[in-house]
Amino acid sequence: MSNPLYDQLFGKHGGQTTPFLVLEDGAVVTHADFLDVAARFAHVLTRAEMSPGDRLAAQVEKSSWALALYAACVQSGIVFLPLNTAYTVDELTYFIEDSGARTLVCDASRKGALAAIGDLPGVRLETLNPDGSGSLADQAESMPTDYPTIGREESDLAALLYTSGTTGRSKGAMLTQGNLLSNTLILAESWRFDARDVLLHVLPIFHTHGLFVATNVTLVAGGSMIFLPRFDLDQVIARLPDATTLMGVPTLYTRLLDAPGFTADLTRDMRLFISGSAPLLAETHARFEKRTGHRILERYGMTETNMNTSNPYDGERRAGTVGFPLPGVELRITDPATGEDVAAGNVGQIEVRGPNVFKGYWQMPEKTAAELRPNGFFITGDIGRVEEDGYVHIVGRNKDVIISGGYNIYPKEIELVLDEQPGVLESAVIGVPHADFGETVLGLIVPDPDVDPDLETIAGAAAASLARFKHPRKLLVVDELPRNTMGKVQKNLLREKYKSLFVPA
Ligand code: MLC
Ligand code: AMP
């Protein structure tokens, strides 16, 4: 039995001594070296009695080893559950318990903090550090470099990626081998990736964008990656001349444009700049073209669906739009009240269907039923419209999410923490425009009667339980929250009122 994802991404490079990764220090990892490490890791996991379908959670720094762990999971049929390195112990505990992960792999520096998770019944704690040391690597050393790849069907789960939810509880999006593979093949073709491509990889590898879009597309095309641990402006400027493609969130592009050292000359050998995960301002698009002569190709995706639409490789890359539905992806614009298609050109909720769309939320049948229709259309929560000539515009969201520097943040999760603090009667968390992150988090606090709340203590409480990127950048005390006749907080009014807090009007 075959393993479609492993065979097409990894297996086909077996024995190849061509470069796959060029690391920060210039060291080269060939495909063969990479696959050897993956096979050894797969042996360690199998000997630890992990079976196909079991979940492995990884909160590890970005490195070639971390990527090999992903490959090892695909090869052994284990479901890969990558986690943001910024998540706190509280956040992690939820993910491990909810997913029933059998193994958590973390950086050795986090082992002490995560010891309580390792004590949970049935959970093993292993370590893997960016230099390739750690308990997992120690065990791998004596393992064989060939591993009998476990057979998988396209409908089998390959990954579980958590996305936050409106109720404050994160949901595990179940992604199958077929979801990932179909999208990879279509993207590689649409964006003309081939073996000569060198992708400058600066995104984290715990999300769809850096893990699946960037890595899978490069692998399937047989290209290579300059694999940097994070987005560092100077490093990007230094390495751009060696690359042919870059994938980034809008913050990456605005930071590049703000750097005087970022010149057209550096981009001479680049063939493609891609942006996604958050809206790219038309102004950024125009500035980028003026500076470099390149038109950024913007595409639109989600954790649950992989990529849905893309601007064309050939043809007009229209600023402010996310292009056309990808081949095989159906997109409709519906009325949220009735679920019926709106009249052509009108604004409504975006729904998508195709082989890219996930299988549902892990052990949350009601949430799955609320968002994934029986006919296969997924209600994205994004609001958009389709122009006469087919270009899709995203005009807003009807989900209460804040997107900061490409990370999704659900206000409810933060409000739950703020509401628990002494002196807080209630709170509202909103996203407001921010020059660097696109949007940032603002917390509004209504105090208990006659109480002067201690904002520093409240901020400290948020810091203790929530990842750094979710912390309100500012807390303000207000007398009351605007409500509609149903009693619902009118966040649109709050967003309007505070829209110039971080950026000039
Ligand atoms: C870092 N910080 C953030 C943040 N990233 N705060 C809010 N939002 C963010 N996105 C914190 C840091 O911890 C730090 O805290 C402070 O803000 C400033 O950090 P920095 O050094 O300026 O940030 P940096 O490390 O450079 O990271 C910024 C970034 C990074 C934009 C490069 O956030 C990033 O790589 N974002 C990409 C996210 C991504 O891959 N999303 C894809 C999701 S998949 P302090 O304590 O120092 O103040 C998806 C589907 C799809 O959406 O369509 O692709
Ligand atoms: P995530 O849940 O992290 O996968 O984020 C997915 C969300 O990011 C989508 O539902 C959109 O709201 C947003 N998004 C992704 N790409 C784009 C884009 N090009 N323009 C606007 N929003 C985007």
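All values derive from a computational prediction rather than experimental measurement.

Rules and cut-offs
Residues numbered from 1 in each chain as written. Chains lettered and ligands numbered in written order. Predicted model: local features only at pLDDT ≥ 70, side-chain atom pairs only at ≥ 80, totals over all residues. Heavy atoms only, no water. Helix = DSSP H or I, 4+ residues; strand = E, 2+ residues; numbered from the N terminus. Contact = heavy atoms within 4.5 Å. Expected span 1.5 Å × (residues − 1). Buried < 20%, exposed > 50% of the residue type's maximum accessible area, 1.4 Å probe, protein only. 1 Å grid on protein atoms, 1.4 Å probe; cavity = no way out; pocket = protein on both sides within 12 Å on 5 of 7 lines; lining within 4 Å. Points joined across faces, edges and corners; volume = space filled by probe spheres on them. Nonpolar A, V, L, I, M, F, W, Y, C, P; charged D, E, K, R; others polar. Pairing = 2+ DSSP bridges. Right-handed = clockwise from strand over helix to strand, strands pointing away.

1. Quick look at the side chain of T303
Turning to step 1, where the next piece is worked out: Considering the arrangement of structural elements, one finds T303 in the loop between β13 (297–302) and β14 (306–310).
Turning to step 2, where the next piece is worked out: Beyond its immediate sequence surroundings of up to four residues, T303 is in contact with L161, T163, A173, L175 and T208.

2. Some remarks on helix α7 (residues 177–190)
Helical geometry note: an α-helix holds 3.6 residues per turn, so side chains three or four residues apart project in the same direction.
Turning to step 1, where the next piece is worked out: Taking 1.5 Å of rise per residue, 14 residues should cover 20 Å, and α7 covers 20 Å from first to last C-alpha, within 8% of that figure.
Turning to step 2, where the next piece is worked out: The buried fraction of α7 amounts to 10 of the 14 residues, a majority that puts the element mostly inside the structure.
Turning to step 3, where the next piece is worked out: Those residues of α7 hidden inside the fold are in contact with α1 (4–9), α3 (64–76), β7 (157–163), β8 (171–176), α8 (208–221) and β14.
Turning to step 4, where the next piece is worked out: Directly after α7, the chain includes R192, whose backbone phi takes a positive value near 60 degrees.

3. Topic: the layout of surface pockets
Turning to step 1, where the next piece is worked out: If you add up the space inside the second largest pocket, you get close to 280 Å³.
Turning to step 2, where the next piece is worked out: E91, G168, E413, V417 and L466 are the residues nearest the centre of the second largest pocket, which is lined by 13 residues in total.
Turning to step 3, where the next piece is worked out: Sorting elements by how many residues they give to the lining of the second largest pocket places helix α4 (residues 89–99) first, with 4 residues.
Turning to step 4, where the next piece is worked out: When grouped by side-chain class, the residues that make up the lining of the second largest pocket number 5 nonpolar, 3 polar and 5 charged.

4. As for the pairing of strand β9 (residues 198–201)
Turning to step 1, where the next piece is worked out: The side-chain alternation of β9 yields two buried faces, one formed by V198 and L200 and the other by L199 and H201.
Turning to step 2, where the next piece is worked out: When β9 meets strand β10 (residues 224–227), the two strands line up parallel, connected through 4 bridges. When the bridges of β10 are listed, L199 appears paired with M225.
Turning to step 3, where the next piece is worked out: On the question of chirality, the crossover connecting β9 to the parallel β10 by way of α8 is right-handed.

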